[in-house]
Amino acid sequence: MVTGGAGFLGSHLCDRFIAEGFHVIAMDNLITGNLENIEHLFKLEQFEFYHHDVSKFVHVPGELDYILHFASPASPIDYLKIPIQTLKVGSLGTHNLLGLAKTKGARMLIASTSEVYGDPLVHPQSEDYWGNVNPVGPRGCYDEAKRFQEAMTMAYHMHHGLETRIVRIFNTYGPRMRLDDGRVLPAFLSQALRGEPLSIFGDGSQTRSFCYVDDLVEGIYRLLLSDYHMPVNIGNPSEITIRQFAEEICKLTGVELNIEYQPLPTDDPQKRQPDITLAKEVLGWEPKVDRAEGLQRTLEYFKQKVKVPAERMMN
Ligand SMILES: NC(=O)c1ccc[n+]([C@@H]2O[C@H](COP(=O)([O-])OP(=O)(O)OC[C@H]3O[C@@H](n4cnc5c(N)ncnc54)[C@H](O)[C@@H]3O)[C@@H](O)[C@H]2O)c1
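A quick note: this is a predicted structure, and the numbers were derived from the prediction, not measured.

A few words now on the pattern of salt bridges. Under the counting rule described, the total for this entry stands at 18 salt bridges. Here Arg272 and Glu115 are joined by a salt bridge, their closest N and O atoms 3.3 Å apart. Within this pair, whereas Arg272 is found in the loop between strand E13 (259-262) and helix H8 (277-283), its partner Glu115 is found in the loop between strand E5 (107-113) and helix H4 (140-160), the two being separated by 157 residues in sequence. Comparing Arg272 with Glu115, the two get one shared label, buried. Of the charged contacts in the structure, one is a salt bridge between Asp180 and Arg178, with a shortest N-O distance of 3.4 Å. Salt bridges sharing partners connect three or more residues here, namely Arg16, Glu20, Glu218 and Arg222.

Moving on, we come to the layout of surface pockets. Counted as a void, the second largest pocket has a volume near 290 Å³. Forming the walls of the second largest pocket are 14 residues, and the residues nearest its centre are Glu127, Trp130, Glu150, Arg168 and Pro231. Of all elements in the fold, only H4 and strand E6 (164-169) reach the threshold of two or more residues within the lining of the second largest pocket. Among the elements that take part in the lining of the second largest pocket, H4 stands out by supplying four residues, more than any other. For the lining of the second largest pocket, the class distribution of residues is nine nonpolar, no polar and five charged.

For the coordinates displayed, the defined rule picks out 13 aromatic pairs. Each member of the aromatic cluster is reached from another via a ring pair, and the members are Tyr173, Phe188, Phe210, Tyr212 and Phe245. Above the ring of Tyr221, the side-chain terminus of Arg16 is found at 4.3 Å from the ring centroid.

About the criteria used
Residues numbered from 1 in each chain as written. Predicted model: local features only at pLDDT ≥ 70, side-chain atom pairs only at ≥ 80, totals over all residues. Heavy atoms only, no water. Salt bridge = Lys/Arg side-chain N within 4 Å of Asp/Glu carboxyl O. Helix = DSSP H or I, 4+ residues; strand = E, 2+ residues; numbered from the N terminus. Buried < 20%, exposed > 50% of the residue type's maximum accessible area, 1.4 Å probe, protein only. 1 Å grid on protein atoms, 1.4 Å probe; cavity = no way out; pocket = protein on both sides within 12 Å on 5 of 7 lines; lining within 4 Å. Points joined across faces, edges and corners; volume = space filled by probe spheres on them. Nonpolar A, V, L, I, M, F, W, Y, C, P; charged D, E, K, R; others polar. Phe/Tyr/Trp six-rings, centres within 6.5 Å; stacked < 30°, edge-to-face > 60°. Lys NZ or Arg CZ within 6 Å of the ring centre and 35° of its normal.

The following block contains the structure:
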């Protein structure tokens, strides 16, 4: 079962598990997800969809081998609008699903995040870094929900001997991202395709490291089937400043660089780069898709979704 199965990452996980021959249940309340992401799966017998809020009691008939808990608003634009639901799905939702995993004897993997490191004081971030999070800042609802989620999952592992896995996901991109989810990559791509200036928050010197979705899914698949229960970073260490990234996007889409600077949001992390030594050692995993290739594939998807103004179509 994949919770958040109609979302960006959840839908790619459903595809992967179907391709591996699993029977897959996607559970989602569609608060930020979209059925379009999984509509191609509805005709398959090995696929089921449950429209349900996992912060409420979760029941699923029959056997379950694996639960992947990916339900949660993931983008600041979403969790700033629905902070209480965000805290609930990380806490109550996780608790409900851990209970279900215990009842079914299932192994549970949770989608944690690089946001547990907050605005990090060490660089790059390895799993033994405890983070620098402001619990009462605007991002606290997400970061602390995820930190609680990890703590609750470890407690079930230690106290009940439940089989658990924790993936700390760093910025991931690819087809099925929402154009308007406020994250820098879909924002830049859709602005460039519409011929609008690219919005940079702050001076653009902050860094991010972007991982292509297929690489992430491979890392998660390996982690789930591994015997390692401590948190593992999955991300692409290739780091870039937001300003350089804007230049890359303009080159890719063939538009002239035109930037609109805006104030930096509160508690925006200055640096982000995963240390993936552990993933290499434990899972034999490292990313394979470089940014040029991943962005090209994502651009193809965005071209179908973005309404390009008529005057740009003629150019
Ligand atoms: N995309 C990234 O770069 C990234 C990075 C770190 C962590 N993550 C984590 O991965 C997971 C998926 O992120 P995403 O980018 O696919 O986001 P997304 O918004 O596309 O998907 C989240 C899905 O969860 C569903 N959902 C939310 N609350 C729910 C609830 N209470 N009950 C049932 N369904 C609910 C939404 O409708 C949506 O379909 C999240 O847990 C997120 O925190 C993502």
